[in-house]
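Observations on chain architecture
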Amino acid sequence: AQRVTQPEKLLSVFKGAPVELKCNYSYSGSPELFWYVQYSRQRLQLLLRHISRESIKGFTADLNKGETSFHLKKPFAQEEDSAMYYCALSGVGAQKLVFGQGTRLTINP
Amino acid sequence: NAGVTQTPKFRILKIGQSMTLQCTQDMNHNYMYWYRQDPGMGLKLIYYSVGAGITDKGEVPNGYNVSRSTTEDFPLRLELAAPSQTSVYFCASRPTSGSYNEQFFGPGTRLTVL
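Residues numbered from 1 in each chain as written. Chains lettered and ligands numbered in written order. Predicted model: local features only at pLDDT ≥ 70, side-chain atom pairs only at ≥ 80, totals over all residues. Heavy atoms only, no water.

**What about the overall build of chain B?**
Short version of the rule: Helix and strand definitions here come from DSSP, where helices need a minimum of 4 consecutive H or I residues and strands a minimum of 2 consecutive E residues; each element is numbered from the N-terminal end. Two things to know: the radius of gyration comes from C-alpha atoms, and the globule rule equals 2.2 Å times the number of residues to the power 0.38. Between buried and exposed lies partly exposed: a residue is buried under 20% and exposed over 50% of the maximum accessible area for its type, with that area taken using a 1.4 Å probe on protein chains only.
Counting secondary structure elements, chain B contains zero helices and 11 strands. Its helices and strands taken in sequence order, chain B reads β-β-β-β-β-β-β-β-β-β-β from the N to the C terminus. For 114 residues, the compact-globule estimate of 2.2 N^0.38 gives 13 Å, and chain B sits close to it at 13 Å. If one aligns the C-alpha atoms of chain B with their principal axes, the spans along those axes are about 40 × 30 × 25 Å. Taking all 114 residues of chain B together, 46% fall into the buried category.

**What about the interface of chain B and chain A?**
The line we're drawing: The contact definition used throughout considers only heavy atoms, calling two residues in contact when any of these lie within 4.5 Å. A 1.4 Å probe defines the accessible area here, and the buried area is the portion of it lost by two parts on being joined, summed over both. We define a salt bridge as a contact between a side-chain nitrogen of Lys or Arg and a carboxyl oxygen of Asp or Glu at a distance within 4 Å. Within 3.5 Å is the distance limit for a polar contact, defined as a pair of N or O atoms, with the added protein rule that one can donate a hydrogen and the other accept it, and that residues adjacent in sequence qualify only through two side-chain atoms. Residue polarity is assigned by list, with Asp, Glu, Lys and Arg as charged and Ala, Val, Leu, Ile, Met, Phe, Trp, Tyr, Cys and Pro as nonpolar; anything else, Gly included, falls into the polar class.
Between chain B and chain A, the residue contacts involve 23 residues of the former and 19 residues of the latter. In total, about 1800 Å² of surface goes out of reach between chain B and chain A, with carbon and sulfur atoms giving 51% of it. Taken together, the links from chain B to chain A amount to one salt bridge. Note that R49 of chain A is salt-bridged to E102 of chain B, the shortest N-O span being 3.8 Å. At the junction of chain B with chain A, the criterion picks out seven residue pairs in polar contact (both at pLDDT 80 or more). Broken down by element, the residue count for the side of chain B that touches chain A peaks at five residues, all from strand β5 (residues 42-51) of chain B. Partitioning the side of chain B that touches chain A into residue classes produces 14 nonpolar, seven polar and two charged.

**Description of the sheet that holds strand β1 (residues 4-7) of chain B**
All names here are of chain B. We apply this condition: If DSSP finds at least two bridges between two strands, the strands pair. Structural elements are reduced to axes, namely lines fitted to C-alpha atoms, with helices fitted over the stretch in contact, and the angle between N-to-C directions of any two is expressed from 0 to 180 degrees.
With antiparallel pairing, four strands are arranged side by side in an open sheet as β1-β3-β8-β7. The sheet is open, and its two edges are formed by β1 and β7 (64-66), each paired on a single side. With direction set aside, neighbouring strand axes in the sheet form an average angle of 20°. Where strand β3 (residues 19-25) meets strand β8 (residues 76-78), three bridges bridge the pair, whose relative direction is antiparallel. The residue of β8 that forms the bridge with L21 is L76.

**Notes on the nonpolar core**
Residue and element names in this part refer to chain A. Definition in use: By nonpolar core we mean a set of buried residues, namely Ala, Val, Leu, Ile, Met, Phe, Trp, Tyr and Cys, connected to one another through side-chain atoms within 4.5 Å.
Of all hydrophobic cores here, the largest spans 24 residues; its most connected members are W35, L72 and Y85. Among the elements that take part in this core, strand β9 (residues 83-91) stands out by supplying four residues, more than any other. Filtering out sequence-adjacent residues up to four positions away, L72 remains in contact with V19, E20, L21, W35, L47, L48, F59, T60, A61 and Y85.

Right, here's the structure in full:
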């Protein structure tokens, strides 16, 4: 069975501090991992995907198959990073995504 | 392009009433999805469709029905509303290929059942 776990419902850090949002997954096949973000009063949107190995808005995420994790990191948090973040999992070529429970990130000034 | 649009934005229903949540996309995407978002529970897939005339159940389909008569539209029907269906509902779509599973979401419909 596919499962995504985000252990922190709420995360609060100060501006300029490093941020790490945790994501662990369970999947027997070859996974595709994603981070989606929902800013206040905006739609849920894709932030980044592991296959692209890119940095978006200063965020990066590395797929660690040994630890079955896909943590989202940013070295210096900004106030505009405050949002709801969802980790999501799909099998390669699969039709559906499985979402984690979400982490609400608050960046304090 | 408007992307994915949903109507209504808000709705209050009484127990036992019925309603249809509308979802339309103008990106010619074959895949469409309905999710519900409950606090602390993330997004749960209700139903999805891989093309006109084809629908399939997701994780939490009970109490809902869908149809897909056109590529653009994917309405979600609640026949007998129950308080447990109070939630925010999101529609999403994606193309068949070339998107690495990126889904494009609508703005959501906030439904309260009293």
